[in-house]
Amino acid sequence: VIFMFRLKIKEFIKLFQKMKLIKLILLLFPGFLLSQNIELSESIKRGKLLYQDFCVRCHLPDGKGQEGIIPPIAKSDFLFKHMEESIKALKFGGIDGEIIVNGVKYNSRMERMGLYDDEIADIMNYTLNSWGNKYSKMIKEEYVKSLKK
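Definitions and limits used
- Along each chain, residues carry numbers from 1 onward, in the same order as the chain's sequence is written.
- In view of the model being predicted, local features appear only for residues whose pLDDT reaches at least 70, and side-chain atom pairs are presented and counted only at 80 or more, with totals across whole chains, interfaces and linings using the full set of residues.
- Calculation of side-chain values draws on the structure's entire complement of heavy atoms; hydrogens and water are dropped beforehand.
- Strands here mean DSSP runs of E at least two residues long; helices mean DSSP runs of H or I at least four residues long; both are numbered from the N terminus.
- Throughout, a contact is declared for two residues whenever any of their heavy atoms are within 4.5 Å.
- Computed by Shrake-Rupley with a 1.4 Å probe, the accessible areas treat only the displayed protein chains as cover when residues are assessed.
- The term salt bridge refers to a pairing of a side-chain nitrogen on Lys or Arg with a carboxyl oxygen on Asp or Glu at a separation within 4 Å.
- Burial classification: accessible surface area is computed with a 1.4 Å probe over protein chains only, and a residue below 20% of its type maximum counts as buried, one above 50% as exposed, and the rest as partly exposed.
- Summary of the metric used: pLDDT quantifies the predictor's per-residue confidence within the range 0 to 100.
- In this analysis an axis means a line fitted to C-alpha atoms, helices contributing only their contacting stretch, and an angle means the value between N-to-C directions, from 0 to 180 degrees.
- Put simply, angles under 35 degrees are roughly parallel, angles over 145 are roughly antiparallel, angles from 65 to 115 are roughly perpendicular, and the rest are oblique.
- Should the near helix be turned anticlockwise from the far one by less than a right angle, the crossing is left-handed, and should it be turned clockwise, the crossing is right-handed.
- Each residue gets one label: Ala, Val, Leu, Ile, Met, Phe, Trp, Tyr, Cys and Pro are nonpolar, Asp, Glu, Lys and Arg are charged, and the others, such as Gly, are polar.
- For Phe, Tyr and Trp, rings pair up if their centres lie within 6.5 Å, where Trp contributes its six-membered ring, and each pair is then called stacked (planes under 30 degrees apart), edge-to-face (over 60) or tilted (otherwise).
- Pairs of N or O atoms within 3.5 Å make up the polar contacts considered here, provided that, within protein, one atom can donate a hydrogen while the other can accept it, and that residues adjacent in sequence are counted only when both atoms are side-chain atoms.

Participant: An account of the overall build of the protein is requested, with residue identities and associated values reported.
Facilitator: For the protein, the helix and strand inventory stands at 6 helices and 2 strands. Secondary structure elements in the protein, listed N-terminal to C-terminal, are α-α-α-α-β-β-α-α. Relative to all contacts within the protein whose residues are 6 or more apart in sequence, the contacts with residues 24 or more apart total 62%. As displayed, the protein has an accessible area near 10400 Å², and 62% of this comes from carbon and sulfur atoms.

Participant: I'd like a rundown of the pattern of salt bridges, residues and numbers included.
Facilitator: In this structure the tally under the stated criterion is 9 salt bridges. With a closest N to O distance of 3.4 Å, K45 and E42 form a salt bridge. Of this pair, K45 and E42 both sit in helix α1 (residues 2-54), separated by 3 residues, roughly a single helical turn. With a relative accessible area of 52%, K45 lands in the exposed category.

Participant: Describe the confidence of the model for the protein, with residues and values.
Facilitator: Looking at the protein as a whole, the pLDDT averages 86, with 76% of positions reaching at least 70. Of all secondary-structure elements in the protein, the lowest mean pLDDT belongs to α1, at 70, while helix α5 (residues 117-127) reaches the highest, 98.

Participant: Describe the packing of helix α4 (residues 83-92) against α5, with residues and values.
Facilitator: Interhelical geometry of α4 versus α5 gives an angle of 130 degrees and a closest axis separation of 10 Å. Judged on the interaxial angle alone, α5 and α4 are oblique. Like other packed secondary-structure pairs, α4 and α5 cross with a definite hand, here right-handed. Of the residues in α5, those in contact with M83, S86, I87, L90 and K91 of α4 are D117, I120, I123 and M124. Of the residues that constitute the contact of α4 with α5, the class distribution is 6 nonpolar, 1 polar and 2 charged.

Participant: Which residues make up the packing of aromatic side chains, and what values do they have?
Facilitator: Under the counting rule described, the total for this entry stands at 4 aromatic pairs. For the pair Y51 and W131, a centre-to-centre distance of 5.1 Å together with 55 degrees between the ring planes defines the contact as tilted. With Y51 in helix α1 and W131 in the loop between α5 and α6 (141-146), the pair connects residues that are 80 residues apart, well separated along the chain. The exposure class assigned to Y51 is buried, which follows from its relative accessible area of 1%. Taking the centre distance of 5.3 Å and the plane angle of 80 degrees together, the rings of Y126 and W131 count as edge-to-face. Joined through ring pairs, the aromatic side chains of Y51, Y126 and W131 make up one cluster.

Participant: Break down the side chain of N125 for me, citing the residues and quoting the values.
Facilitator: Take N125: it is sitting in helix α5. Since its relative accessible area comes to 0%, N125 is described here as buried. Polar contacts involving the side chain of N125 include one to the side chain of S43, which spans 2.9 Å. N125 has contacts with L40, S43, I44, K137, M138 and I139, leaving out every residue within four places of it along the chain.

Participant: Run through the side chain of S86, naming residues and quoting values.
Facilitator: Tracing the chain through its elements places S86 in helix α4. For S86, a relative accessible area of 11% corresponds to the buried category. Residue contacts for S86: discarding those within four places in its chain leaves F78, L79 and M124.

So this is what it looks like as structure tokens:
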């Protein structure tokens, strides 16, 4: 009986230690997750304002572009399949050559906007989370800065 009691105490201690670790993780992780969500939310707000200033005249307020002329950003398969290329298009001014977006060919060149890396990140975060697009990760200024032509 004493042996079983000791065994149960050891099991209880191990379980308690695991629970303390789990509690610590649960206490820290939601805070991290919440701060990431707030940071992304703020970036999306800034991106919306920038989109309205720089992008809306071609890609339109609904992000649908003009079929065959200006590619859509709303529900765009290209945006998600070619994320780096999309960011470079914003940073360096367009994509050379023909692209296919949602099954439609486009061969027009986007002008260079002269945006800073943080502004490009904000626009990307906005477009990746608007008009039915959903992207849980955050595009950061450091990533945009690291991209070379």
